[in-house]
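# Survey of secondary and tertiary structure
The lines below spell out each chain.
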Amino acid sequence: MELRHLQHFVAVAEDQHFTRAAERLMVSQSGLSASIRALERELRAPLFVRTTRRVTLTEAGRALLVEAERILAQVRSAHEAVAAVQGVLRGTLALGTEQCIAGVHVARLLAGFRRRHPDVEIRLRQAGSGALAEEVAAGRLDLAFAYRTQADSDQLRSVSLASEPPTVLCHPSHRLAASGAVLTPDGLAGEVFVDFHPDWGPRRATDAAFAAAGVRRTVALEVNDVHSLLDLVDENLGIAVVPRHFRHKRPSLTALPLKDAGEPEYETVALLPPDGATSPAARALVTLLETGDPEAPCA
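By convention here, each chain's residues receive numbers from 1 onward along its written sequence. Per-residue local features of the predicted model are confined to residues with pLDDT of at least 70, and side-chain atom pairs are confined, for both listing and counting, to 80 or more; whole-chain, interface and lining totals are unaffected and use all residues. Hydrogens and waters are ignored; side-chain quantities use all the structure's heavy atoms.

Looking up the protein chain in an unreviewed UniProt entry gives the name LysR family transcriptional regulator, with the organism given as Streptomyces collinus. UniProt positions are given in the numbering used here, feature names are shortened, and annotations may be inferred rather than shown by experiment. Turning to the protein chain, the UniProt annotation filed under Sequence similarities (unreviewed entry) states: "Belongs to the LysR transcriptional regulatory family."

Here is the structure:
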């Protein structure tokens, strides 16, 4: 089995199309097809279901994809490790982040990293914390800035960035804003909630806190970005329980502390693979973060 066969296989799996994958790899379509057929012959299993419009992975193909991505990530790390020993940091930094991570200003941190290591290609993916943890564990990302969740793999290392309590955001005319009462999960039963997709770290932490309190809540308005959440609350369509620093993004909203919610702290972390599998670029980025380069909640 040759590395190029695995590279070709992963490209077709990602694009779900031979022509697009061939164009991206800058190889002929016939050569790409021959490479995949050779891999299938060696493994004695079909890897794709081919149609006139697209290709999809077979069960064998899905199993191979996990290992192929891991192998290619290890090969990339080996090249980068040798370059680092030679005194030059090269290769790729594949970074994931959830929106509005407290404890790090991602754009500013990456700008500082690029100034120090201009030969490293930076790739950034934004997603929910659950998906990001899976990507780091699979070797598709070098590290990710995410919210800590109970589902994080034991195989991942984490560097704590910040921890903050929950805040209830509501419209100034909402009954909660004028009540003056100390808010608890019990006191929010029956409210209409605005919240993120279940893969987001804050949503997972909030769900866990309310479940621990034995309170069922209705998330009627579900979004995938912070500003949409704030817009919906600003129109008095619901309330939101969010990390405290979110309140600074929309000062017009009323922000109220939430008490007696068990352990609802929102902890943000940098997720990394085991120490021996961490790429030189990821180590350099974490070092830059730990030495005090730009750290702040997102604005």
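Here the narrative resumes, following the displayed structure.
Glancing now at the pairing of strand 9 (residues 218–223). Whether two strands pair depends on DSSP finding at least two bridges between them. Secondary structure is summarised from DSSP: a helix means a run of H or I of at least four residues, a strand means a run of E of at least two, and numbering begins at the N terminus for each. Looking at chain direction, strand 8 (residues 192–196) and strand 9 are connected through 5 bridges and run parallel. Bridge pairing in strand 9 places D195 opposite E222. Crossover handedness is defined here as right-handed if the route from the first strand over the helix to the second strand goes clockwise, with the strands pointing away from the viewer. Handedness of the strand 8-helix 8 (residues 201–212)-strand 9 crossover: right-handed.

The next point concerns unusual backbone geometry. For Q16, which is not a glycine, the phi torsion comes out positive at approximately 55°. Positionally, Q16 belongs in the loop between helix 1 (3–15) and helix 2 (18–25). For C100, which is not glycine, the phi torsion reads 50° and is therefore positive. Along the chain, the position of C100 falls in the loop between strand 3 (91–97) and helix 5 (106–116).

By secondary structure assignment, the location of L141 is in the loop between helix 6 (129–138) and strand 5 (143–147). Each C-alpha atom, one on L141 and one on P273, is 9.1 Å from the other, the two residues being 132 residues apart in sequence. Any two residues having at least one pair of non-hydrogen atoms within 4.5 Å are treated as being in contact. In contact with L141, not counting residues within four places along its chain, are A94, L95, G96, L132, E135 and V136.

By definition here, a salt bridge exists when the distance from a side-chain nitrogen of Lys or Arg to a carboxyl oxygen of Asp or Glu is within 4 Å. Inspection of the entire model under this criterion finds 18 salt bridges. With its nearest N and O atoms 2.5 Å apart, the salt bridge here joins E191 to R175. With a gap of 16 residues between them, E191 in the loop between helix 7 (175–179) and strand 8 and R175 in helix 7 connect regions that are remote in the sequence. Accessible area is worked out with a 1.4 Å probe on protein chains only. A residue is then buried under 20% of its type maximum, exposed over 50%, and partly exposed in between. Looking at E191, the relative accessible area reads 11%, which means it is buried.

An automatic or database domain assignment supplies the residue ranges for each domain. Here the protein chain is partitioned into domain 1 (3–65), domain 2 (90–161 + 267–291) and domain 3 (166–264). Listed as interface residues are 11 residues of domain 2 and, on the opposing side, 12 residues of domain 3. We define buried area as the total accessible area lost by two parts upon association, computed with a 1.4 Å probe and summed across both. Across the domain 2/domain 3 interface, buried area totals approximately 900 Å², and carbon plus sulfur atoms make up 59% of it. It is Q99, C100 and Y147 in domain 2 that bury the most area against domain 3; as a group they hold 48% of the surface buried on that side. For the pair domain 2 and domain 3, the interface holds 0 salt bridges. The class makeup of the residues in the side of domain 2 that touches domain 3 is 5 nonpolar, 5 polar and 1 charged. Gly is placed with the polar residues, together with every amino acid not listed as nonpolar (Ala, Val, Leu, Ile, Met, Phe, Trp, Tyr, Cys and Pro) or charged (Asp, Glu, Lys and Arg).

So, on to the sheet that holds strand 7 (residues 166–170). Sheet strands pair via backbone hydrogen bonds, and the direction of the pair is either parallel or antiparallel. Spatially, 10-7-11 is the arrangement adopted by the 3 strands of the open sheet, whose pairing is antiparallel. Here the strands that pair on one side only, and so sit at the sheet edges, are strand 10 (240–243) and strand 11 (254–257). This sheet shows a mean twist of 40° between the axes of neighbouring strands, independent of strand direction. Examined bridge by bridge, strand 7 and strand 10 share 4 bridges and lie antiparallel to one another. Bridging across to strand 10, P166 finds its partner in P243. The angle between two axes is taken between their N-to-C directions and runs from 0 to 180 degrees, where each axis is a line fitted to C-alpha atoms and a helix contributes only its stretch in contact.

All right, on to the environment of V159 then. Checked against the element boundaries, V159 lands in strand 6 (residues 157–164). Once the C-alpha coordinates of V159 and L221 are considered, the two residues, 62 residues apart in sequence, prove to be 32 Å apart.

The next subject is the UniProt feature "domain: HTH lysR-type" (unreviewed entry) in the protein chain. Here the UniProt-annotated "domain: HTH lysR-type" (unreviewed entry) positions come out as residues 1–58. Taken end to end, residues 1–58 has its terminal C-alpha atoms 19 Å apart, with 62% of it in helix and 10% in strand.

Between 30 and 60 degrees the pair is tilted, below 30 it is stacked and above 60 it is edge-to-face, where a pair is any two Phe, Tyr or Trp rings, Trp via its six-membered ring, whose centres lie within 6.5 Å. By the definition in use, this model includes 5 aromatic pairs. Pairing F193 with F210 gives two aromatic rings, centres 5.7 Å apart and planes at 80°, and the pair type is edge-to-face. With F193 in strand 8 and F210 in helix 8, this residue pair connects regions lying 17 residues apart in the sequence. Like F210, F193 is buried. Here the aromatic rings of F196 and F246 are separated by 6.2 Å at their centres, their planes lie at 80°, and the arrangement is edge-to-face. Placement of F196 in strand 8 and of F246 in the loop between strand 10 and strand 11 is noted, with a sequence separation of 50 residues between them. As far as burial versus exposure is concerned, F196 and F246 are alike and both buried. Any Lys NZ or Arg CZ found within 6 Å of a ring centre and within 35 degrees of that ring's normal is scored as a charge over the ring. The ring centre of F193 lies 4.9 Å from the NZ or CZ of R217, which sits over that ring. Across the ring face of F210, the terminal group of R217 is positioned such that the distance to the ring centre comes to 5.4 Å.

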